[in-house]
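Residue strings, one per chain:
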Amino acid sequence: MKALCWYGKNDVRVETVPDPQIINPHDAIVKITSTAICGSDLHLYNGYIPTMQKGDILGHEFMGEVVEVGKEVKKLKVGDRVVVPFTISCGQCFFCQRELWSLCDNSNPNAWMAEKLYGYSPSALFGFSHMLGGYAGGQAEYARVPFADVGPLKLDNGGLTDDQVLFLSDIFPTGYMAAENANIEPGDTVAVWGAGPVGQFAIKSAYMLGAEQVIAIDRFPERLRLAETEGKARTINYEDTDVVEELKSLTGGRGPDSCIDAVGMEAHGTSPVAMLDKAKQMAKIETDRPNALREAIQACRKGGTVSVPGVYGGFIDSMPMGAIVNKALTLKSGQTHMQRYMRPLLERIQNGDIEPSFIITHHMKLEDAPNGYSMFRDKEDECVKVVLKP
Amino acid sequence: MTETSARERQMTRYNQHQDGDTASNERLLYALGGGALVLVGLSRRSLPGMGLAAVGGSVAYHALTGHWPMQQSNGIDADYSIRVNRAVTINKPVEELYRLWRDFENLPRLMSHLESVTVQDGKRSHWVASAPLGKTVEWDAEIINEEENRLIAWRSIGDADVESAGSVRFEKAPGDRGTEVHVKMEYMPPGGVAGAMFAKLFQEEPSQQVHADLQRLKQTLEAGEVPSTEGQPRGG
Ligand SMILES: NC(=O)c1ccc[n+]([C@@H]2O[C@H](COP(=O)([O-])OP(=O)(O)OC[C@H]3O[C@@H](n4cnc5c(N)ncnc54)[C@H](O)[C@@H]3O)[C@@H](O)[C@H]2O)c1
Ligand SMILES: [Zn+2]
Ligand SMILES: [Zn+2]
């Protein structure tokens, strides 16, 4: 089959590789009909996630048709149409049973690597480094899906297109959990750093969860425009103004009640501290660049909540711990507990509450995925989200 | 002293401890056959001519007395031993785990380095484990302490390749979290000081190996399979 393989920084290639086989009894093989490139993939593409190996197949946002099932698979059948969550969960451990799916104890074959870095291993993810499982991803014609009765969401063929449901695989639940983690109460103002796909879904979800006003922060006009037209957000272009001051004035001096960092470890910035972060990251003495996070902590009102869906891999410097303590902030984060959200959000789509395809700017063939990566990374051609068709 | 008298003394100690409190019971590490040490290739066969200082009985002796040479000095002497202390919580009842473990013949399915275990009678068993470079090591073990649904302890007997002791303790985890499985092992590397120094270089390995085995046990029992990516496609 054809698959997109990682070969190093800025080097991804579509290659012909063997088809995946059933390895474990709870596996299924899915023939992929649609798959997307995620902001998380950019962290791999830019070489910031450790324990990648040449030849690794990327991709964790995919859906398709079940073509084979292992002998212990009870619920899925050949022919079922499914969306596959990006986290891999066993369904039986302490964490899965408490719906903390992205913390599953039993899905990471390389748990020891993550234990060295984090103390304990989270769940494995598709196509996201060996430390997080080393599972081949879904930017391919086929993928092997472990614990097939626990992860994939079965769709009846009730007329929803791939474009409408594909983002149930990651970014819609991720934006939604980010908003849920923000502890939104009626009357609240929510500020969202990053108007990428995750930020866009966080904006919509914040309103679904009762926010009074949402403010989006980015520097790309087309993304800010999307946040305004689709998300009904007010916007701040961080290149034009001091974000913390601007947020103060937009909230009558109080500050946003909740702040969401939907940017993550590669935040852009021009302040001296941001430049220093960039230099440190290049020199490999700081793994992540946290200027959006720092700003979110700084801007947040007293007693507010900072929710962090943005991915961080390792260590950050100059964490404003003083602001967290002295303003009594709550900090919440995590890879998304996918299965908690997939079905309820599918219902939201069916009800017409949201039309997730609004973020798609580009459809491409899988063969063109390397172009898709560079275009999405550099925000060329007003690219917001690339969907690949194998 | 002869090995027999050492063993008799262990048994006496053990009986004393059994009447005692839990804390002292926890210090009971018994001689078991080799497990993880095998992985670092420290069998007598794989280290020919290395002195082979006979330290018969002292592993279990240290376990029994709670006297650990490592805690007392950083130096290495003929008393040097390798200890492993690992725990995992498994979302299954104590009884199920105890029953599974007590049938040693189940263990090779769960522990990657064990090739076979043959139970000879209620107390004795023969163990074969793989060692690096395609070698195997073998030993006989006997159970020397057993409390139903709580503790199994064993040690190597006779002419074992690796003299060692081990125990596994099962405890109900708080708040419905299943069962805590605590494994303790101690190995006396053969080969005297040289062997001990060699073992020290690899000290993390046995502990990591036991940890991985316990994880595999947990995965098998909870998830019904051990996660794997072996054989999946990749580029290049
Ligand atoms: N927690 C999870 O489970 C999960 C799931 C999916 C994605 N993510 C993470 O979410 C983050 C966003 O993903 P995405 O797909 O939207 O990526 P993206 O790269 O398309 O979007 C990031 C946006 O942040 C903006 N940005 C950069 N620096 C900024 C700054 N200093 N202030 C404000 N905005 C800034 C960029 O201009 C860009 O529009 C990534 O870190 C990704 O890894 C997390
Ligand atoms: Zn993603
Ligand atoms: Zn689990």
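All names here are of chain A. In the neighbourhood of ligand 1, 32 residues make up the surrounding shell, with S40, H43, D218, H268 and P309 lying closest. Between ligand 1 and the protein, one listed contact pairs an oxygen atom with a side-chain N or O atom of S40 at 2.7 Å. Residue Q335 places a side-chain N or O atom 3.1 Å away from an oxygen atom belonging to ligand 1. Relative to its free-state accessible area of 870 Å², ligand 1 is covered by the protein chains to the extent of 95%.

What follows deals with the domain arrangement of chain A. All names here are of chain A. Segmentation of chain A into domains returns domain 1 (2-170 + 336-389) and domain 2 (172-333). Placing the centre of domain 1 and that of domain 2 at their C-alpha centroids yields a distance of 25 Å. On the domain 2 side, the residues contacting the 31 residues of domain 1 number 25 residues. Taking both partners together, domain 1 and domain 2 bury about 2700 Å²; carbon and sulfur atoms supply 68% of that area. The largest contributions to the domain 1 side of the interface with domain 2 come from Y48, Y341 and F358, which together make up 25% of the buried area. Joining domain 1 to domain 2, the criterion identifies two salt bridges. A salt bridge links R340 to E180, with the nearest nitrogen and oxygen atoms 3.9 Å apart. On the surface where domain 1 and domain 2 come into contact, there are nine residue pairs in polar contact (both at pLDDT 80 or more). Those elements that provide at least two residues to the side of domain 1 that touches domain 2 are α1 (39-45), α3 (111-118) and α12 (338-351). Considering each element in turn, the side of domain 1 that touches domain 2 owes the most residues, six residues, to α12.

Let us look at the coordination of the zinc ion (ligand 3). Residues and elements named next belong to chain A. Donor atoms from the polypeptide that coordinate the zinc ion (ligand 3) comprise C90 (SG), C93 (SG), C96 (SG) and C104 (SG), at 2.3 to 2.5 Å from the metal. If you look at the zinc ion (ligand 3), its four donor atoms make angles of 101 to 118° with each other, and the shape they trace is tetrahedral. Written as a sequence motif, the donor residues of the zinc ion (ligand 3) are C-x2-C-x2-C-x7-C. Its relative accessible area of 3% is what places C90 among the buried residues.

Residues and elements named next belong to chain A. At this site the zinc ion (ligand 2) is bound by C38 (SG), H60 (NE2), E61 (OE) and D170 (OD), with donor distances of 1.8 to 2.7 Å. For the zinc ion (ligand 2), the four donor atoms in the first shell make angles of 78 to 134° at the metal, a pattern classed as irregular. Along the chain, the residues donating to the zinc ion (ligand 2) fall in the pattern C-x21-H-E-x108-D. For H60, a relative accessible area of 2% translates into the label buried.

Within the secondary structure, E225(B) is located in the segment after α9 (204-223). For E225(B), which is buried and forms no salt bridge, the nearest opposite charge comes from R144(A), at a distance of 5.2 Å. Polar side-chain contacts of E225(B) include one of 2.6 Å to the side chain of H26(A). Ignoring sequence-local partners within four residues, the contact set of E225(B) consists of N24(A), P25(A), H26(A), D27(A), F147(A), Q219(B) and T220(B).

The next thing to look at is the pattern of salt bridges. Between side chains of opposite charge, a pair can form when the charged atoms approach closely. This structure, assessed with the given rule, holds 26 salt bridges over all chains. Between R234(B) and D56(A) there is a salt bridge, and its shortest N-O distance comes to 3.0 Å. Here D56(A) lies in strand β4 (residues 56-57) and R234(B) lies in the segment after α9, a pairing that spans two chains. On the accessibility criterion, D56(A) (9% relative accessible area) is buried. Here R377(A) makes a salt bridge to D378(A), at a shortest N to O gap of 2.6 Å. The exposure class assigned to R377(A) is partly exposed, which follows from its relative accessible area of 25%. Under the relative-accessibility criterion, D378(A) is labelled partly exposed at 37%. Salt bridges linked by common partners bring K77(A), D80(A) and K154(A) together as one network.

All names here are of chain A. As judged from the six bridges shared by strand β1 (residues 2-8) and strand β2 (residues 11-16), these two strands associate in the antiparallel manner. By the bridge assignment, K2 is partnered in β2 with T16. Counting the residues in the hairpin turn of β1 and β2 gives two residues, including N10, whose phi is positive at 60°.

Below, the discussion takes up the interface of chain A and chain B. Contacts between the two partners involve 40 residues from chain A, matched on the other side by 25 residues from chain B. Here chain A packs against chain B, burying approximately 2300 Å² in sum over the two surfaces, 46% of which is carbon and sulfur. On the surface where chain A and chain B come into contact, there are 17 residue pairs in polar contact (both at pLDDT 80 or more). Those elements that place two or more of their residues in the side of chain A that touches chain B are β1, β4, α2 (94-97) and α3 of chain A. Among the elements that line the side of chain A that touches chain B, the one with the most residues is α3(A), at four residues. Considered class by class, the residues forming the side of chain A that touches chain B number 18 nonpolar, twelve polar and ten charged.

The rules behind these values
Residues numbered from 1 in each chain as written. Chains lettered and ligands numbered in written order. Predicted model: local features only at pLDDT ≥ 70, side-chain atom pairs only at ≥ 80, totals over all residues. Heavy atoms only, no water. Near = heavy atom within 4 Å. Polar contact = N/O pair within 3.5 Å; in protein donor to acceptor, adjacent residues only side chain to side chain. Areas by Shrake-Rupley, 256 points an atom, 1.4 Å probe, with all protein chains shown as cover. Domains from an automatic or database assignment. Contact = heavy atoms within 4.5 Å. Buried area = accessible area lost by both parts, 1.4 Å probe. Salt bridge = Lys/Arg side-chain N within 4 Å of Asp/Glu carboxyl O. Helix = DSSP H or I, 4+ residues; strand = E, 2+ residues; numbered from the N terminus. Donors = N, O, S within 2.8 Å, 3.2 Å for Na, K, Ca; no water. Tetrahedral: all angles 85-135°; square planar, octahedral: opposite > 155°, others 65-115°. Buried < 20%, exposed > 50% of the residue type's maximum accessible area, 1.4 Å probe, protein only. Lys, Arg positive; Asp, Glu negative; His and termini not counted. Pairing = 2+ DSSP bridges. Nonpolar A, V, L, I, M, F, W, Y, C, P; charged D, E, K, R; others polar.

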